[in-house]
Amino acid sequence: MKRPYKLVVLLLLSLTACKSNAPPSKMSGPLISSGTSMATAWEFPKNPLNDRSLDDSKLSNEIRWGFKIFTNTPHEAPQFAPGKMSCNNCHLNGGQRERSLPLVGIAGSFPEYNKRSGRLYSLGDRVVDCFVRSENATGAIETELPNSTSKEVLAVSAYLTWLARGYEVGKNPSWRGQNTIDTAKLISIQKLDVKKGEALFIDRCSNCHGENGQGVAVGDKKPGPLWGPDSWNDGAGAARVYTLAGIIRYSMPYMNPGSLTDEEAQNLAVFIDSKPRPAYPFKNQDYRTEKLPVDGVYYKTVPASGN
């Protein structure tokens, strides 16, 4: 991009550190609109840290800590986030931004079937999966892996359940599943172009993510690394090309979400997922009862079951 535009972007990014001067967020129901600016990057429609309905009970304190873990995982749960990824890097605004994998009202949808593991998943199971894959807990040295009774998992589950208060149990809210490219618009993995994706990344993404994909720091805020040792591992959902493409298509670029085409988002995703990242050591246990997805590019062979 042209250097003057980069300077404008960096100026807007700096507004993140001046939240008191930020305009009110545009809302889409209970969610911050995907069309808001960098000035609203750290606004939360529901924030347990200043919710006066929460008291000093054990549950209220767990909800508050879960929010802190969610928004600053490497600091609050370093043993489960050895890299630099936070839950908030993908689920923007504490899981409360439209078309950025929002989690408001989601807790009541569990338990639900998980194709990757081939079994019913509780909310705690899903949180564990995010720790071991998206935050690469399996990359920690001599650290016991999180499980459904780990205090950090329970705290995050408490926060997500708090976000679901008042929503119908057993029903997905309308904003779930919106980061998905229509099946008819999917391009064969073999036909996607890593070089085109790289050119798009330099042009459209490097202002915030840097040409090396490690993120551009603005004050104490920085996007999570998109590849390399501090990023999500190759067993994470974002390590699937079409999954990542859906996230990119509807939530990026940050200040102009939805401006990329389906094809551009897919080429960007195949470029990002062509880069090195930590290895998830238990990939051989995935997709043992379900068919291996065609966009699972880090899975070198089909599981022994033949499915």
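Predicted model, so just to flag it, every value in this text is computed and none were measured. (Residues numbered from 1 in each chain as written. Predicted model: local features only at pLDDT ≥ 70, side-chain atom pairs only at ≥ 80, totals over all residues. Heavy atoms only, no water.)

Chemist: Sorry, what's going on with helix α6 (residues 151–163) here?
Modeler: Helical geometry note: an α-helix holds 3.6 residues per turn, so side chains three or four residues apart project in the same direction. Its 13 residues give α6 an end-to-end C-alpha distance of 19 Å, which sits within 8% of 18 Å, the value for a rise of 1.5 Å per residue. Across the 13 residues of α6, 10 count as buried, placing the element largely inside the fold. Those residues of α6 lying buried are Glu152, Val153, Ala155, Val156, Ser157, Ala158, Tyr159, Leu160, Trp162 and Leu163. The elements touched by buried residues of α6 are α2 (58–71), α4 (92–95) and α5 (123–134). (Helix = DSSP H or I, 4+ residues; strand = E, 2+ residues; numbered from the N terminus. Expected span 1.5 Å × (residues − 1). Buried < 20%, exposed > 50% of the residue type's maximum accessible area, 1.4 Å probe, protein only. Contact = heavy atoms within 4.5 Å.)

Chemist: I'm lost on the packing of helix α7 (residues 194–209) against helix α9 (residues 262–272) in this one. Help?
Modeler: For any two helices packed against each other, the geometry comes down to the angle between their axes and how far apart the axes lie. At a closest axis distance of 7 Å, the pairing of α7 and α9 adopts a crossing angle of 100°. Considering their axes alone, α7 and α9 lie roughly perpendicular with respect to each other. Facing Val194, Lys196, Gly197, Glu198, Leu200, Phe201, Arg204 and Cys205 of α7, the residues of α9 in contact are Glu264, Asn267, Leu268, Val270, Phe271 and Ile272. Looking at the contact of α7 with α9, its residues break down into eight nonpolar, two polar and four charged. (Axes fitted to C-alpha atoms, helices over the stretch in contact; angles between N-to-C directions. Parallel < 35°, antiparallel > 145°, perpendicular 65-115°, else oblique. Nonpolar A, V, L, I, M, F, W, Y, C, P; charged D, E, K, R; others polar.)

Chemist: Is there a simple way to think about α5 in this case?
Modeler: Over its 12 residues, α5 extends 16 Å from the first C-alpha to the last, a length consistent with the 16 Å expected when each residue adds 1.5 Å. The buried fraction of α5 is high, at nine of 12 residues. Of the positions making up α5, those classed as buried are Leu123, Gly124, Asp125, Val127, Val128, Asp129, Phe131, Val132 and Arg133. Its buried side turned inward, α5 meets α2, α3 (73–76), β4 (119–121) and α6. Taken from the residues just after α5, Asn136 is the one with a positive phi, measuring 55°.

Chemist: Would you explain the packing of aromatic side chains in this entry?
Modeler: Describing an aromatic ring pair means giving the distance of the ring centres and the angle of the ring planes. Tallied over the entire structure, the rule returns 12 aromatic pairs. Relative to Tyr159, the ring of Phe67 has its centre 5.5 Å away and its plane inclined at 65°; by these criteria the two rings are edge-to-face. Here Phe67 is found in helix α2, whereas its partner Tyr159 is found in helix α6, with 92 residues between them in sequence. Comparing Phe67 with Tyr159, the two get one shared label, buried. With centroids separated by 5.6 Å and ring planes inclined at 80°, the aromatic side chains of Trp227 and Phe271 adopt a geometry described as edge-to-face. Of the two residues, Trp227 is situated in the loop between α7 and α8 (241–251) and Phe271 in helix α9; the sequence distance between them amounts to 44 residues. (Phe/Tyr/Trp six-rings, centres within 6.5 Å; stacked < 30°, edge-to-face > 60°.)

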